[in-house]
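Residue strings, one per chain:
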Amino acid sequence: MLFSLSLSLSLSLSLSLSLSLSLSLSVPPQVLEKGGPYPQVILPQFGGYWIEDAEAPVGTPTSSESSFCEEEEVEDGGGGSGGSPGAGHGYRLECNGTARAYRKHFLGREHMNYYCTGSSIGHLIMSLKQEEAESQEFLRIMLRARTKTVHDRISLAGLSQLPSVPQIAKLLCDDATGLKFSPVLYPRGSQLIVAYDEHELNNTFKFGVVYQKFGQTSEEELFGNNEETPAFREFLDVLGENIELQDFKGFRGGLDVSHGQTGMESVYTIFRQRDIMFHVSTKLPYTEGDVQQLQRKRHIGNDIVAAIFQEDATPFVPDMIASNFLHAYVLVQVQDPCTENTMYKVSVTAREDVPPFGPPLPNPAVFRKGPEFRDFLLTKLINAENACYKSDKFAKLEGRTRAALLDNLHDELHRQSQATLGVSVAGDDDRLENGGHGGLLESFKVLWTAMLYFLQSATGGAVFFAALAIIVYYCLLTT
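This is a predicted model, so every value here is computed, not measured. (Residues numbered from 1 in each chain as written. Predicted model: local features only at pLDDT ≥ 70, side-chain atom pairs only at ≥ 80, totals over all residues. Heavy atoms only, no water.)

1. Considering the packing of helix α8 (residues 230-239) against helix α10 (residues 371-388)
Packed helices, taken two at a time, are described by their axes: the angle between them and the distance between them.
And step 1. The N-to-C vectors of α8 and α10 enclose an angle of 75 degrees; their axes lie 9 Å apart at closest approach. With respect to α10, the element α8 is oriented roughly perpendicular. Between α8 and α10, the contacting residues are Phe235, Val238 and Leu239 on the first element and Phe373, Arg374, Leu377 and Leu378 on the second.
And step 2. A breakdown of the residues in the contact of α8 with α10 according to their chemical character gives 6 nonpolar, no polar and 1 charged. (Axes fitted to C-alpha atoms, helices over the stretch in contact; angles between N-to-C directions. Helix = DSSP H or I, 4+ residues; strand = E, 2+ residues; numbered from the N terminus. Parallel < 35°, antiparallel > 145°, perpendicular 65-115°, else oblique. Contact = heavy atoms within 4.5 Å. Nonpolar A, V, L, I, M, F, W, Y, C, P; charged D, E, K, R; others polar.)

Shown next, in the form of structure tokens:
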């Protein structure tokens, strides 16, 4: 019950942050007065965003600390067509490769796990595995700290004795002191560790889709559109399947599937084993007399990435939609709609603290309608959201979540290892006698323990919001 209340509180707080903002600014009138051709995107007057340059040197930009997803290599067979839709086009999904390293290299194989209590940089969790490759001996290492996880492989050539666990930790984090490691003796410890490593992985996505008519230059005009033209419906068919929301069993992306409060239908697809729900502005409820159309903004304004569909050339300004959460936009402008020669011109813009993400725009950034365009667009949207998580706002949230989860993982590994040895761990009464907080703060630790087991089966998006909810709950307890 505490978990449900804290989750609801977190979501309401995030909603109020988005909806309490003032009305958005319009495109400067002088831009339209000059006449066409208009640029697809105009940077805000006071900056804060970048536009991807299609004329930049060829080379796939990838966001910081990202790599291509491991399953992409398997599906594509090193670049072949494989079983993934559109895989032959070579558009690659980006992800945090370190988060998948334990499952790929350690889980189910002989290795050792250790935990360090109270080092100068906080609790540490280390995994070690000896490997042989090309007649050489290596030591594969994963060291988890509150700020990051380091994954490395070092050669053991010329070493008569393996380095100690503290020496290895010092090698990867030379500023760490007070390194006292203990082995993880809990038989299910690996399951807890892999759940922690993969807490940030996400296989469910929700993207906004906004229809922009010619001459529309404000948020209120964008959310006021109700008509779905044949060109817009054609574009929605490219994105996915039109589905009835009532009793829908797939990933619903926050939409109501029981009472029709978020409209009757939406657009949904499964792309490379990832569920995607689109929040289409024209399909969300329209409220007469509501200038801001809060029913629509409460969903699209809380998305992280949105696609803007333009039937005619009209400039879009990234801060046109006032939102704390929207960090990247993919602009799609149709040419010759509903014909055999339908083409789509694409532009990309994002907040300045969002790192670049692939696949890169071709030059010219114009696609013929078909599987290749769909593959490019969905890959770009997914990579955009993953890159946005590295922006300052989301990185801080993730950092706090990560630190709290690591501390709880350490405590659980220690408790279970002691229990495996038959050594009792101090109970609630002992903690209170020794100055422990007890009461509400102890219930917070219970929540974290439940959260850790929840990680083993939950999706990345659910984990992010659940962890955020518990952090909000903790903040309320300590104020």
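So that's the structure; there's more coming.
2. Quick word on unusual backbone geometry
And step 1. In this model, Gly358 is joined to Pro359 through a cis peptide bond whose omega is -5 degrees.
And step 2. One can find Pro359 in the loop between β15 (343-351) and β16 (366-368).
And step 3. A cis geometry characterises the amide bond from Asn363 onward to Pro364, with omega recorded as 5 degrees.
And step 4. Considering the arrangement of structural elements, one finds Pro364 in the loop between β15 and β16.
And step 5. The residue Gln293 is not glycine, and still its phi comes out positive at about 50 degrees.
And step 6. Its location among the elements puts Gln293 in the loop between β12 (274-280) and α9 (294-300).
And step 7. Unlike most non-glycine residues, Asp336 shows phi in positive territory, near 50 degrees.
And step 8. With respect to the secondary-structure elements, Asp336 resides in the loop between β14 (328-335) and β15.

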